[in-house]
Amino acid sequence: CEVGEKASHVIHEIQDLEEQKKEYMLLGLRKIEGVSISEFKKRFIDNPIYIFKNELATLVEEDLIEVDIDSIKLTNKGLDLANIVWEKFV
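These remarks concern the structure in this document. (Residues numbered from 1 in each chain as written. Predicted model: local features only at pLDDT ≥ 70, side-chain atom pairs only at ≥ 80, totals over all residues. Heavy atoms only, no water.)

**A closer look at the packing of aromatic side chains**
The relation between two aromatic rings is expressed through the spacing of the ring centres and the mutual angle of the planes.
At step 1: Inspection of the entire model under this criterion finds five aromatic pairs.
At step 2: For the pair Phe 52 and Phe 89, a centre-to-centre distance of 5.2 Å together with 80° between the ring planes defines the contact as edge-to-face. Taken together, the positions of Phe 52 in the loop between helix H3 (48-51) and helix H4 (53-61) and Phe 89 in the segment after helix H6 (82-87) put the pair 37 residues apart, joining distant regions of the chain.
At step 3: A residue is classified by how much of its surface remains accessible, and Phe 89, at 3% relative accessible area, is buried.
At step 4: We note Arg 30 situated over the ring of Trp 86; from NZ or CZ to the ring centre the distance is 4.1 Å. (Phe/Tyr/Trp six-rings, centres within 6.5 Å; stacked < 30°, edge-to-face > 60°. Helix = DSSP H or I, 4+ residues; strand = E, 2+ residues; numbered from the N terminus. Buried < 20%, exposed > 50% of the residue type's maximum accessible area, 1.4 Å probe, protein only. Lys NZ or Arg CZ within 6 Å of the ring centre and 35° of its normal.)

**Some details on the side chain of Thr 75**
At step 1: As for its placement among the helices and strands, Thr 75 is situated in the loop between strand S3 (71-74) and helix H5 (76-80).
At step 2: The exposure class of Thr 75 is buried, given its relative accessible area of 9%.
At step 3: Within the structure, Thr 75 has its side chain in polar contact with the backbone oxygen of Asp 63 (distance 2.6 Å).
At step 4: The contacts of Thr 75, once residues within four sequence positions are left out, are Asp 63, Leu 64, Ile 65 and Glu 66. (Polar contact = N/O pair within 3.5 Å; in protein donor to acceptor, adjacent residues only side chain to side chain. Contact = heavy atoms within 4.5 Å.)

Here's what the structure looks like:
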């Protein structure tokens, strides 16, 4: 049973980390300045551009977010339709 319990614990931790990354994006996109890519990397090591590439690509294509050198933030259109953006990270 110990092996099964350990495997379950590891899976739970991975899910928790993924949820933390999504929550960080969700909360960051609620701020005018958006998500700092460098701060995300410091906290999680991973680059949010790669982790969320599909979600971000869709949102950029729909002109709801913009990505620059160090930030991911809502566009003016994205501010009006913020709930659609946030749903991508829920």
